[in-house]
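# Report on the structure
Given next are the chains, with one letter for each unit.
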Amino acid sequence: MRNLAQRGYSNAQVLAMLKAHRTIAFDYALLNQDEKLIRWLSKASGSVSFNSGQEVMGTASFEVLKEEIQGNYYTTDMRIAPYFKLLTPTGWLTWPLGVYIMTTPKQSAKYGKIHSQVECYDKGIILKEDKITDRLYIPPGSNYVNQIRSVIASAGIKVVNIPSSPLTCSTGLEYDIGSEKLQIVNDLLYAINYTPLHFDSAGIAVSAPYIEAIGRNAEESYITDKNSVITDGATQTNDLYNVPNVVVRYVDNPDGEPLRSIYTNDNAESPISTVRRGRKIVDVESVDDIADQNTLDAYTRRVAIEKSQINDIVTLPTALMPHHGYKNCLYVRHDKMDIGSKYIEESWSMELTAGGIMNHNLRKVTFI
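Attention in this report is confined to the structure presented alongside it. (Residues numbered from 1 in each chain as written. Predicted model: local features only at pLDDT ≥ 70, side-chain atom pairs only at ≥ 80, totals over all residues. Heavy atoms only, no water.)

### Things to note about the side chain of Ser347
Along the polypeptide, Ser347 turns up in strand β22 (residues 339–351). A distance of 2.8 Å separates the side chain of Ser347 from the side chain of Asn361, its partner in a polar contact. Once you skip the residues sitting within four places of it in the chain, Ser347 turns out to touch Phe50, Asn51, Asn359, His360 and Asn361. (Helix = DSSP H or I, 4+ residues; strand = E, 2+ residues; numbered from the N terminus. Polar contact = N/O pair within 3.5 Å; in protein donor to acceptor, adjacent residues only side chain to side chain. Contact = heavy atoms within 4.5 Å.)

Structure (structure tokens):
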């Protein structure tokens, strides 16, 4: 989750101002494909969303004046970067909300002007639409992260934040002509138990080693107290049906040693465990590539934990907040709904208008 500190204000001070009576506004920058400013859009509105379950996680929808996106650039060459603004005693504080690539706009006439409605994607769409034009062979001993960075760079994405790893390929890997570069990158990231590739609010490509939700500290709290930014409409769903308590992942590798990992939830305190249910609900899938047995064990446990979180899902509407990103860990206390726990944010969406609502889709952090 983004640190909001700037211009002499600490993160805690900014959060306090965001959760108090506040004045907010939004700016929209029109950028070229090199992300250089073309102009600030004078009449624009929109919404942004982030869904960690999608290949291209960031999406947006904007309405702008057609005359402001015409000129020396094709629409598909341009990008829109919205900014969240908070008025403070010393002036406006500003945070980016992503960089979005425009698709072909839809035109409409309003108030004597032509408006363009534009659906947009974050820069993950570059890697999804860019495919390899020759067979890609990654030889044994290749460093996974170096290969990942190379594929990303081949798509023209220059700024990347992916920590190094010592893990190397135990066997050769091969991708056919036409394979999406995003799929290749995510395959290699999963093989070392990193998070899938996503783009942060500044448009930087990001991935990092996976950290179990159970061991994470809450990065933000939403509480129904006197300073609450929670609005009406929260919902909670509890569904234990078909949640696995045994997870099996295996690699059948004709060129190397076959690997298998089994994680069994036999925790008597867990409502979905083999002990509590008196039976096994088994989830089995093959894995195309994994770095080694330890990584496969960690990945299998990761799958078991993530699948267990579907039994407690909360939708939480709040005031707009500018610091959310990929799978943030939140503490939620909603007294009327008897909720008080840590949750992982699977997705969120923001309506970019003063008084707009931010919807958070959350899954409870479950001990298994």
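### Here's the deal with the nonpolar core
Among the nonpolar cores identified, the biggest contains 47 residues, and Phe62 and Phe84 are the most heavily contacted of them. The residues touching Phe84, leaving out its near neighbours within four places in the chain, are Leu18, Arg22, Ile24, Ala25, Phe26, Leu93, Thr94, Trp95, Leu97, Leu320, Pro322 and Met350. In this structure, Ile138, Tyr144, Ile157 and Leu182 belong to the second largest nonpolar core, which totals 29 residues. (Core = buried A, V, L, I, M, F, W, Y, C linked by side-chain atoms within 4.5 Å. Buried < 20%, exposed > 50% of the residue type's maximum accessible area, 1.4 Å probe, protein only.)

### A short note on the packing of aromatic side chains
For the structure shown, the criterion picks out eight aromatic pairs. Ring centres of Tyr190 and Tyr299 lie 6.1 Å apart, and the angle between their planes is 75 degrees; on these two criteria the pair is classed as edge-to-face. With a gap of 109 residues between them, Tyr190 in helix α4 (residues 181–191) and Tyr299 in helix α6 (residues 293–308) connect regions that are remote in the sequence. Since its relative accessible area comes to 32%, Tyr190 is described here as partly exposed. Taking NZ or CZ as reference, Lys85 lies 4.7 Å from the ring centre of Trp92, over its face. (Phe/Tyr/Trp six-rings, centres within 6.5 Å; stacked < 30°, edge-to-face > 60°. Lys NZ or Arg CZ within 6 Å of the ring centre and 35° of its normal.)

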